[in-house]
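Here are the chains, one letter per residue:
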Amino acid sequence: MYDKNYTDLENSVWHTGKCACCGACVAVCPANSLFFETGENSTHPMNDGYCKSENDGVPCGACYEICPRVNERKIETIGNSIDIVSASANFDVEKKQSGGAVTAILMNALEQELVDAVITVTEDPWSLKPKSILITSSEMIAKQAGSRYNWWIPLLSALKEAVITKKYRNIAIVGVPCVVQAISQMRKSEHDLIRPFRDSIRLMIGLFCTETFDYEKMVEGKFKKEMGIDPWQIKRLDIPGKLEITTERGEVHTIPLSEVEDCIRPGCAICTDLTAPGADISAGSIGSPGGETTLIIRTPVGNKFFMSAVDEGKLTVSDNVDLKPIEALANKKAKRKA
């Protein structure tokens, strides 16, 4: 596989509408030759014209090695688990999404020095425009609480700054299933160029995801032009099987996903993964009472982080989880065909 390069990705993934746009290939490219543009060209990465393998005949293949869309994946609904619980942060989290459990786990991880950095998503509070962010303090985690994963962002491109530039070696990542799939590829890779990334990722939290949306199409098109809602008026967005917009005034607008299909990212059309089975911990609002988060604890590593947050009094936990709506939505998404 190491003789593959970005041209193979172009032919098999980028130009066939399969690209997840997770940003992993941008992070691991040793020549810094891959990048994303916004707008119509954002459906896959771009290349600046240089490739170690293509131009100099130097074996590389890093980008191909970690792409989550190169090979067929096993379809799972809920996946493996050590435990499945409903949880909420045992402290006030402003702008929290569901129960704030993910924020609590990450805050505790930073405070207990289980990790030294977190890669997550933030947004401009006025425009809602998203971007990836590298956080190294629990105070910043609290300020960034709330889901921005409705919007597409090449999240894993931030790994280059975290691992190569700033040399962090105990990193937590929060991302949607395609991000988890790319991290899974990294974790099992023996490629010399991938090893620094593989060895630096300590925790992967996967978020339940039906699909992500194009910021420009959704905000400028649906919200502003069609609904008359400016982004600064929006307090929260959630997608529990439908799009729910909560305004600062407390108004809730519900939109069937069928009405926003033209805003969905192209690469989402072939994704069959709702619950991110490859994560250490998966999290989402589906299946738990309002104000709580469903947590699927999947690995011993994930269980250590979870139990540490419980032991430190950061999480309130119950077994009040209804798996039926999770399974129903997971089965619906699993029926998608490439």
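Residues numbered from 1 in each chain as written. Predicted model: local features only at pLDDT ≥ 70, side-chain atom pairs only at ≥ 80, totals over all residues. Heavy atoms only, no water.

A.B. asks: Looking at this model, I keep getting lost on the nonpolar core. Mind explaining?
C.D. replies: If you look at soluble globular proteins, the nonpolar side chains tend to sit buried side by side. Ranked by internal contacts, the top residues of the largest apolar core, which has 51 residues, are I119, L159, I173, V179, I183 and M186. When residues in this core are grouped by element, the largest group, 6 residues, is from helix 8 (residues 177-188). Ignoring sequence-local partners within four residues, the contact set of I183 consists of L156, L159, I173, I201 and M204. Ranked by size, the runner-up nonpolar core spans 30 residues in total, among them A101, L114, I205 and A309. (Core = buried A, V, L, I, M, F, W, Y, C linked by side-chain atoms within 4.5 Å. Buried < 20%, exposed > 50% of the residue type's maximum accessible area, 1.4 Å probe, protein only. Helix = DSSP H or I, 4+ residues; strand = E, 2+ residues; numbered from the N terminus. Contact = heavy atoms within 4.5 Å.)

A.B. asks: Honestly, the sheet that holds strand 13 (residues 315-318) in this entry has me stumped. Any pointers?
C.D. replies: Strand pairing within a sheet occurs via backbone hydrogen bonds; the two strands may be parallel or antiparallel. Read across the sheet, 8 strands follow the order 5-4-6-7-11-12-3-13 without closing on themselves; strand pairing throughout is mixed. Here the strands that pair on one side only, and so sit at the sheet edges, are strand 5 (130-135) and strand 13. Geometrically, the sheet is characterised by an average inter-axis angle of 30° between neighbouring strands, direction not taken into account. Across the sheet, helix 5 (residues 101-111) is in contact with strand 3 (83-89), strand 4 (117-123), strand 6 (171-175), strand 7 (201-207), strand 11 (281-284), strand 12 (293-297) and strand 13; its angle to strand 7 comes to roughly 170°. Sheet strands touched by helix 11 (residues 300-311): strand 3, strand 7, strand 11, strand 12 and strand 13. Its angle to strand 13, the strand with the most contacts, is close to 110°. (Pairing = 2+ DSSP bridges. Axes fitted to C-alpha atoms, helices over the stretch in contact; angles between N-to-C directions.)

A.B. asks: What should I look at first to understand the pairing of strand 12 in this one?
C.D. replies: When a strand is regular, its side chains alternate between the sheet's two faces. Of all 5 residues in strand 12, 5 are buried; the element is thus mostly enclosed. Residues T293, L295 and I297 of strand 12 are buried on one face, and the alternating residues T294 and I296, pointing to the opposite face, are buried as well. Bridge count between strand 3 and strand 12: 5 bridges; the pairing is antiparallel. Counterpart to V85 in the pairing with strand 12 is L295. Inspection of the sheet shows strand 11 paired to strand 12 by 4 bridges, in the antiparallel sense. Bridge pairing in strand 12 places G284 opposite T294.

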